[in-house]
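Below are the chains, spelled out letter by letter.
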Amino acid sequence: MLRKLRHKFIATAMCSIAAVLLLIMSAINIANYVNVCNRADSRITMIADNGGHLDPTSANTPPKSTSGSVDSTDKNAVPDAGKKPSDGPDNPQKKDGMSPEAMFDTRFFTVTLLEDGTIDQIDTGKIAAISSDSASAYASTLYERHKTTGFIDCYRYKLVTTDATRMYIFVNCERELGTFRTFLLTSACISVAGMFVVYLLVLFFSGKIMKPVAESYEKQKRFITDASHEIKTPLTIIDANTEVLEMTGGENQWTKSIRKQIARLTSLTEKLVFLSRMDEESTRLEMENFAISDAVLDTADPFMAVAASRGKELSIDVTPDLTYKGNEGSIRQLVSLLLDNAIKYSTENGQIRLTFHTRGKNLILSVWNTVENIEPGRHDELFERFYRADKSRNQKSGGFGIGLSVVSAIVHAHKGKICAHSEDGHSLLLTIVL
């Protein structure tokens, strides 16, 4: 159990860290991709504003003086050697937040179409990787698909419309997309490596954290086992003395009460020892094929008389000739505990039903009984050890609240599932899937 708890802790920690890391890396890479798109769109806007061209004269380069001297009208003027012509406030590239070098390193081409989609003009003068045929094919494809903006291969495109023409502007983003993909791959690799390192750290420190819990749990199991064995000895002596008293003085209500309490304590100690052993990871039940239908019927039949003696009705419906690979003794104990629990906690003159049938590849064992008052819905708390719906711990039913815990341990040892559910608040259905 402690190993499963440690595995759940590691899995929870790793899933939480992975979710946060994925969120962070997704946000960074999405922001990076949006930046690539925005920069490409800014260049497309500039090209569209210039009628499909990037005009180098827009750099506002001042005329050069042939004499190389300063204007005589301002004798004290000194040239600003650190100011470049492109740094002027009227530079349109500066207004768009773009570098003055954008017009020189931007590779683009344009395709102009008529209203009916016919290619009118192709300009590939600013790119060497695209031929006129390729440019025409790109534009025709986008026009047929009614696309106005996006990516096609490594080109960011946008459709600019006028009264008479449609112009597709394509900007080469191969370098930017390459950088984006490299960063994405690098960040993914670093994240995986980081997750592996975190896993090793969590694995190491979880062992340190679980060590005191494991020691305490082992002491608890050892105490239960030792106490159970120690209790058996005085119980045996008390039982023997009671038998002697009955032989000498005859049986009476006091000896009967003593024997009844001995039987209850013996049953409790056996169940505690069983649960303690089932919690040990080294404990494995011997599994073999057996006639499970016969085992269920043989175990359930004696409870018909028990239920009748208490004024209750028990019905049994078992599909015959079913076989199962498991521990027959544990399955018989499971059925016995379920029926004993149903008879004890069902209402006065109540009804109890046991059914056993197949559902697909699974075997379904269910026990239904009427109860006085219970909240509708699932009731997994019934499988907790020493749980009692009666908070006063009244033992008029004769139980300890541990029987269903043993049932749950047997089911899990057979890799099955168990659940408790109330449909109407006046009945309880226990379902076991094997």
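Residues numbered from 1 in each chain as written. Predicted model: local features only at pLDDT ≥ 70, side-chain atom pairs only at ≥ 80, totals over all residues. Heavy atoms only, no water.

**A look at the pairing of strand β5 (residues 165-172)**
In terms of burial, β5 is largely enclosed, as 6 of its 8 residues are buried. Inspection of the sheet shows strand β1 (residues 108-114) paired to β5 by 7 bridges, in the antiparallel sense. Looking at the pairing, F108 lines up with V171 of β5. Where strand β4 (residues 155-161) meets β5, 7 bridges bridge the pair, whose relative direction is antiparallel. Note on β5: the bridge partner recorded for R156 is V171. Hairpin connection, β4 to β5: the antiparallel pair is bridged by 3 residues. (Buried < 20%, exposed > 50% of the residue type's maximum accessible area, 1.4 Å probe, protein only. Helix = DSSP H or I, 4+ residues; strand = E, 2+ residues; numbered from the N terminus. Pairing = 2+ DSSP bridges.)

**As for the sheet that holds β1**
With respect to topology, 5 strands assemble into an open sheet ordered β2-β1-β5-β4-β3, the strand pairing being antiparallel. Two strands close off the open sheet at either side, each with one partner strand: β2 (119-126) and β3 (149-152). When the angles between neighbouring strand axes are averaged without regard to direction, this sheet yields 20°. Against the sheet, helix α4 (residues 132-144) makes contact with β1, β2, β3, β4 and β5, and its axis sits at roughly 130° relative to β2, the strand it touches most. (Axes fitted to C-alpha atoms, helices over the stretch in contact; angles between N-to-C directions. Contact = heavy atoms within 4.5 Å.)

**As for the packing of aromatic side chains**
Within this structure, the stated rule accounts for 12 aromatic pairs. Members of the aromatic cluster, each reached through a chain of ring pairs, are F109, Y138, Y155, Y157, Y168 and F170. The aromatic ring of W368 is capped on one face by R353, whose charged end is 4.0 Å from the ring centroid. (Phe/Tyr/Trp six-rings, centres within 6.5 Å; stacked < 30°, edge-to-face > 60°. Lys NZ or Arg CZ within 6 Å of the ring centre and 35° of its normal.)

**Quick notes on the pairing of strand β12 (residues 417-422)**
Burial along β12 is one-sided: the residues I418, A420 and S422 are buried and none of K417, C419 and H421 is. Both strand β11 (residues 377-378) and β12 contribute to a ladder of 2 bridges, which runs antiparallel. Bridge assignment links R378 to a residue of β12, and that residue is H421. Across 5 bridges, β12 lies against strand β13 (residues 427-433) in antiparallel orientation. Bridge pairing in β13 places H421 opposite L429. In textbook terms, the turn of a hairpin is the stretch between consecutive antiparallel strands, and for β12 and β13 this stretch comprises 4 residues, one of which, G425, has a positive phi near 85°.

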